[in-house]
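Fold and contact review
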Amino acid sequence: MTDVLAGPDRLTPTPLATEQEARDVAEAAREKEWESPSFVRELFEGSFRLDLVHPFPQPDPADLARAKPFMEKLERFMQQRVDSDKIDREGKIPPEIVRGLGEIGAFGIKIPIEYGGLGLSQYSYTHAVGLVTSQDGNLTALLSAAQSIGVPTPLKLFGTPAQKRKYLPRLAAGAVSAFALTENQVGSDPAALSTTATLSEDGKSYILNGEKLWCTNGTIAELMVVMARTGPKKITAFIVETNWPGVEVVQRLHFMGLKALENGIIRFTNVKVPVENVLWGEGKGLKLALITLNTGRLTLPASAVAGAKRCLEIVRLWAAKRVQWGQPIGKHDAIAQKIGRMAAEIFAMEAVSDLASLMADRGDADIRLEAAMAKMWNTETGWRIVDDTLQIKGGRGYETADSLRSRGERPDPIERMMRDYRINLIFEGSSEIMRLFIAREAVDTHLKLAGDLIDPKAPMAKKIQALLRSGAYYAYWYPKLWLGWGRIPRYSEFGPLATHVRFVSRSCRRLARTLFHCMVRFGPKLEKRQAVLGRLVEIGAELLAITAACSKAYSMYKKDPTNRGPVELAGLFSWQARRRVEERFEAVFDNDDVRTYAVAQQVLKGEHSWLETGMVRAGER
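Residues numbered from 1 in each chain as written. Predicted model: local features only at pLDDT ≥ 70, side-chain atom pairs only at ≥ 80, totals over all residues. Heavy atoms only, no water.

Structural notes on the nonpolar core
Under the convention used in this document: In this description, a nonpolar core means a group of buried Ala, Val, Leu, Ile, Met, Phe, Trp, Tyr and Cys residues linked to one another through side-chain atoms lying within 4.5 Å. Buried residues are those whose accessible area, probed at 1.4 Å on protein chains only, stays under 20% of the maximum for their type, while exposed residues exceed 50% and partly exposed ones sit between those limits. Going along the chain from the N terminus, every DSSP run of H or I of four or more residues is numbered as a helix, and every run of E of two or more is numbered as a strand. Throughout, a residue-residue contact means that at least one pair of heavy atoms, one from each residue, lies within 4.5 Å.
Phe-48, Phe-494 and Phe-573 are the most contacted members of the largest nonpolar core, which has 93 residues in total. If one sorts the elements of this core by residue count, helix α21 (residues 530–559) sits on top with 15 residues. When residues no more than four places from it in sequence are discounted, the contact partners of Phe-48 are Phe-39, Leu-43, Tyr-491, Val-501, Val-504, Ser-505, Cys-508 and Thr-547. Ranked by size, the runner-up nonpolar core spans 47 residues in total, among them Ile-111, Tyr-115, Leu-223 and Val-273.

What follows is the structure, given as structure tokens:
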């Protein structure tokens, strides 16, 4: 960990944050209140609030009408002007492509019309980015980093009128933006942040010093949101213009996939940032980042859907014409199982993504958990689909598109897709962090009620108050989890899908009971049992996906009863998801977590280094 003092070459070590300090910073940044209902939060408390997600939300017809000409221009632009294999091969998005995207409004999709943007909804935005993703992940990263987490979204949410007038028109016209939080020792744990912003003597500006790592778009951005420490426990967000003195692109970084990703190390050396460029207020930076990500990370579930759809097209065409052992490979059960599961999961993925985006547009629900689950579940499911696609296509999946083209074969870019897709499980909160984030919010009610009982620092008076408070609550809440009705004839309007909706209704009460049992059994140590918490989160994600799929299928069936496809796909997905739910419930208490953890610690101590013999030694780095 380093901290820039007076210049780019003067670095001194900064101590890492302690576990308690890291926890305190994270808790301070949390949105602690739930002013609007959350379907997922209610699931973890044993309440099946179907009314929050059903009938399935519908996009605004006026918004769709405004979006249609842009979507048509965007598709033509991708088809006629973007050579994605060349971009991947050369590792650079041509400047004329970036300018062209700006000219058609692709950098201002959600920016209000009065500031020169298109003023479209979150739903239209995610579908536009999905359209791009179906061809080129590099352009997705460019557009998403600029709009989902870059300057426009936090500026819309928290900017002053003057800030909006100054910057939103530039952004809508195509100015590329970025978000700078990550540092060498700072990823999902911002407590160790070392970039500093110190108020000048005249009080007119902050002096920004530090270095940011993995700043997507940072190498070409005109504007960026920079997170910096403004006090011992204060992290503040600033709008920084990259042409200011002291802003330096140290190095462009290169990755396994997304070869044209404009990602780099950005250094700030005595950069004067006007006080009017503080976003929202001093010390509110981390909360701003978390709130921004509630909708910002919705790009990834939509991108995962688009990538998975491209995979389905590839395997459909290939498995129908590729003949082995006397028949098309799609007729062989081993391949057919993959294709059937793929189609069902893509339907559910799109239902989850659309549900989260439409709920964000509707504005009457708190979607922080829905967005996190959509990101986690869709990206993980999509990764399996990409992997299955490569397996079905075999050697032609492993071969590059350029090589396939050179010998006259259809140049399906599966090799590129696999490299590009993998980052989705890490971007904007890794899968592991998403599980911990969701788990923390899932136990929030219990911690508010009984947290003092397990807090070793809490005085006895608080423990007694918590005991009385929680005793009264649980005397009513816990028996209710056993008494709910989730059998026939409930939800009969769903027809053949009703059995799956009833399963979710029963399972959410079981989920709440199991979470409570875990708290009783493990006590304060539950936060360390991340594998256990992960299984509970995965159960919640499957229940969300079943509900979204069934609700979407019902909505589609009502519009066109002759099309049975949505009901068939939702039904298949639900049966498969139910089996996964049952397996995870069984594994909550019947698992090998403790043994596995013990072996991992032995490995870290070098006790099993003998396993590493027989290879070329790379040496310590």
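Re the packing of aromatic side chains
Ring pairs (aromatic) are described by centroid distance and by the angle formed between their planes. Which entries qualify depends on this criterion: Aromatic pairing here means that ring centres of Phe, Tyr or Trp (its six-membered ring) are within 6.5 Å. Orientation follows from the plane angle: under 30 degrees is stacked, over 60 is edge-to-face, and everything else is tilted. Each ring is checked for a lysine NZ or an arginine CZ that lies within 6 Å of its centre and within 35 degrees of its normal; such an atom marks a charge sitting over the ring.
All told, the structure shown has 15 aromatic pairs when counted by the stated rule. Ring centres of Tyr-206 and Phe-238 lie 5.1 Å apart, and the angle between their planes is 65°; this geometry places the pair in the edge-to-face category. On the criterion of sequence distance, the pair formed by Tyr-206 in strand β5 (residues 205–216) and Phe-238 in strand β7 (residues 234–241) is long-range, its members being 32 residues apart. This pair shows no difference in class: Tyr-206 is buried, exactly as Phe-238 is. Members of the aromatic cluster, joined through ring pairs, are Tyr-473, Tyr-474, Trp-477, Tyr-478, Trp-482 and Phe-516. Across the ring face of Trp-383, the terminal group of Arg-422 is positioned such that the distance to the ring centre comes to 5.4 Å.

Considerations on the layout of surface pockets
Stated formally: Here a cavity is any set of points on a 1 Å grid over the protein atoms alone where a 1.4 Å probe fits but cannot get out, and a pocket is any open set with protein on both sides within 12 Å along at least 5 of 7 lines; a residue lines the site when it has an atom within 4 Å of a point. Grid points are joined across faces, edges and corners, and a volume is the space filled by probe spheres set on the points. Side-chain classes follow a simple rule in which Ala, Val, Leu, Ile, Met, Phe, Trp, Tyr, Cys and Pro form the nonpolar group, Asp, Glu, Lys and Arg form the charged group, and the remainder, Gly included, forms the polar group.
Looking at the second largest pocket, its volume works out to about 590 Å³. Elements represented by at least two residues in the lining of the second largest pocket include exactly α8 (152–158), α10 (285–296) and α12 (333–362). Examining the composition of the lining of the second largest pocket, we find that 4 residues originate from one element, α8, more than from any other. For the lining of the second largest pocket, the residue count by class is 9 nonpolar, 8 polar and 8 charged.

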